[in-house]
Amino acid sequence: MGRSLLLNIADHDFLVAGYDKDAEKTTLLEKEGAGKPVKAFNDLPEFIKSLQRPRSVMMLVPAGKIVDHVITDLIPLLEKGDIIIDGGNSHFTDTNRRVTWLDELGLNFFGMGVSGGEEGARKGPSMMPGGNKEAYQHVQYIFEAIAAKVNGEPCVMYIGPGASGHFVKMVHNGIEYGLMQLIAETYELLRKGLKLNNAAIQKVFEGWNEGRLQSFLMEITKDIFSFKQAGADHLLVDDIKDEARAKGTGKWTSQVAMDLELPATVIDTAVSMRDVSKYKSLRVQLSASYGNDAVDLVVTNPDEYLVLLEQAFYFAMSITYSQGLHLLSKASAEYGYQLNLAGIAKIWRGGCIIRSGFLDEIFKAFEKDNTLAHLLLDAEVKTQVNDALPGARSVVAGAVTAGLAIPAYAAAISYFDTIRSANMPSNLVQAQRDYFGAHTYELKGKEGFFHTEWNPVN
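Just so we're clear, the structure is a prediction, and the values are computed from it rather than from any experiment.

Counting across every chain of the model gives 21 aromatic pairs. Centre to centre, the rings of Tyr 314 and Phe 358 are 5.7 Å apart; their planes meet at 85°, and the pair counts as edge-to-face. Residue Tyr 314 is located in helix H14 (residues 302-335), and its partner Phe 358 is located in helix H16 (residues 358-368); the two are separated by 44 residues in the primary sequence. Take Phe 358: its relative accessible area is 2%, and that puts it in the buried class. Put simply, the rings of Tyr 187, Phe 205, Trp 208, Phe 225 and Phe 313 touch in pairs and so form one group of aromatic residues. Of note, Arg 191 hangs over the ring of Tyr 187, and the distance from its end group to the ring centre comes to 4.5 Å.

What follows is the structure in structure tokens.
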């Protein structure tokens, strides 16, 4: 990804240098960068000497301790005023620590979320820089040049102070988890429910990608359902084990949401389902033990069912984005990020993994009202969600009856029904807590906290 980003920068006539300990990597950079203003180094001091002052060094390394190790190697070679950019998926709390650490040394630092994968880095990613604003302004013109463009506008903007850039990228990845799980569950319904073959499934995803569900994830999904390896007579996807891995950003999103006491149920479910998938041997054992008591999905008209399924996906997709944006709003207030949600939706429209047609609706909603408490309060989104709701209810009810697991779809419905409930049964929870633990409760129309001796000891 770092090599791809360097080549992208060089394509825009900026002089760039790359460093890697692996000689094969630098040789490849020189080969692919032939004829471009690119230099490659295996020697770190020589690499630093090649940079103009103030030096700007961007790291693209895995999150964790390795980032600190690289920074430690860089510090003796840099001067006050030089800039270090962390373009990896670092946890935002680590970024906060590094901001303080490097500021005390007189070095400028900012964390920048980069989305789009290797192809996005090469052709134009979406980028989310946050931290030292003056430091970002030194390289702003470079990132605006290389970013993906939508309607001629670059998909990059200054996000805010501190670790805001990495926080926004983390939530982006959480939304990504949710959307991927919904697509996987759709595959389950098409394969086991409608009993469609791969060619028919590919046509469904292809058709959806040409309509209001257009997105990068839908696009690559329809491609996956037409890909065969050379000489194979079947799709590669059928050979891949059903055990999903993760690098942790989805889990981080769920953890932070719980810390901020904000529900992100579709994302939580997506994280849990990746975990469940890893217990393959246990799943096989339980399958043999309990047998298959599933019944056939009741579908009288497959074409009509696909219409309902499209509505269900649109509904659940809307809930997933809504939860992510709600989390950003809460974090902005909690951490002082002053996030521009319209702007974030705007730069997510191109280059990034969760880019989709629906982001235009999100952008319009927050551009119209930057104080919008929740995306579901927007009038246009409300209309679309209400129209899609019957399909969502029908699909979830049918799947549950047939014994087909679609937990992310179900989580979306339950979240919606709960978040729009003026009266939840939580008063009973409070009564129970007070009964067994004297945790107190509040009363309607009265100020203060109260406790009752529910079962007085005589």
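Relative to each other, helix H9 (residues 198-209) and helix H10 (residues 216-224) sit at 155°, their axes nearing to 8 Å. Taken as axis vectors, H9 and H10 run roughly antiparallel relative to one another. Judged by the sense of rotation from one axis to the other, the crossing of H9 with H10 is left-handed. In contact with Gln 202, Phe 205, Glu 206, Trp 208 and Asn 209 of H9, H10 contributes Met 218, Glu 219, Thr 221 and Lys 222.

Nonpolar side chains collect at one region of the surface, where Tyr 279, Leu 282, Leu 286 and Tyr 290 lie side by side and expose about 470 Å² of accessible area between them. With respect to the secondary-structure elements, Leu 286 resides in helix H13 (residues 280-290). Classification of Leu 286 as partly exposed rests on a relative accessible area of 40%.

To continue, consider the environment of Asp 103. Mapping Asp 103 onto the fold places it in helix H5 (residues 92-104). Linking Asp 103 and Phe 225, residues 122 residues apart in sequence, is a C-alpha distance of 49 Å.

Counted under the stated rule, the structure contains 1 cavity of 30 Å³ or more. What the largest cavity holds in volume is close to 70 Å³. In terms of lining residues, the largest cavity is bounded by 13 residues, among which Leu 179, Ile 183, Ser 215, Leu 217 and Phe 313 are the most central. Breaking the lining of the largest cavity down by element, the ones donating at least two residues are helix H8 (164-193), H10 and H14. Top contributing element to the lining of the largest cavity by residue count: H14, with 3 residues. Along the lines of polarity and charge, the residues of the lining of the largest cavity split into 10 nonpolar, 2 polar and 1 charged.

For residues other than glycine, phi is negative in most cases, and the peptide bonds are mostly trans. The omega torsion of the bond from Arg 53 to Pro 54 falls at -10°, within 30 degrees of zero and hence cis. Along the chain, Pro 54 turns up in the loop between helix H3 (44-49) and strand S3 (56-59). Backbone geometry at Asn 151 places phi at a positive 55°, although glycine is not the residue there. As for its placement among the helices and strands, Asn 151 is situated in the loop between strand S7 (149-150) and strand S8 (153-154). Assessed through its relative accessible area of 69%, Asn 151 is described here as exposed. Within the chain, Glu 261 stands out as a residue other than glycine whose phi angle is a positive 55°. With respect to the element layout, Glu 261 can be found in the loop between helix H11 (249-259) and helix H12 (265-277).

On to the sheet that holds S3. Overall, mixed pairing links the 4 strands, which are arranged S3-S4-S5-S6 in an open sheet. Strand pairing shows two members of the sheet lacking a second neighbour, S3 and strand S6 (126-131), which therefore form its edges. Between one strand axis and the next, the sheet turns by 25° as a mean value, whatever way the strands run. Bridge analysis of strand S4 (residues 83-86) against strand S5 (residues 108-115) gives 4 bridges, and the strand direction is parallel. Note on S5: the bridge partner recorded for Ile 83 is Asn 108. This element, H8, spans S4, S5 and S6 of the sheet and lies at about 15° to S5.

Conventions adopted
Residues numbered from 1 in each chain as written. Predicted model: local features only at pLDDT ≥ 70, side-chain atom pairs only at ≥ 80, totals over all residues. Heavy atoms only, no water. Phe/Tyr/Trp six-rings, centres within 6.5 Å; stacked < 30°, edge-to-face > 60°. Helix = DSSP H or I, 4+ residues; strand = E, 2+ residues; numbered from the N terminus. Buried < 20%, exposed > 50% of the residue type's maximum accessible area, 1.4 Å probe, protein only. Lys NZ or Arg CZ within 6 Å of the ring centre and 35° of its normal. Axes fitted to C-alpha atoms, helices over the stretch in contact; angles between N-to-C directions. Parallel < 35°, antiparallel > 145°, perpendicular 65-115°, else oblique. Left-handed = near helix turned anticlockwise from the far one by under 90°. Contact = heavy atoms within 4.5 Å. Patch = residues over 30% accessible without salt bridge, like charges linked within 9 Å, V, L, I, M, F, W, Y side chains within 5 Å. Areas by Shrake-Rupley, 256 points an atom, 1.4 Å probe, with all protein chains shown as cover. Salt bridge = Lys/Arg side-chain N within 4 Å of Asp/Glu carboxyl O. 1 Å grid on protein atoms, 1.4 Å probe; cavity = no way out; pocket = protein on both sides within 12 Å on 5 of 7 lines; lining within 4 Å. Points joined across faces, edges and corners; volume = space filled by probe spheres on them. Nonpolar A, V, L, I, M, F, W, Y, C, P; charged D, E, K, R; others polar. Pairing = 2+ DSSP bridges.

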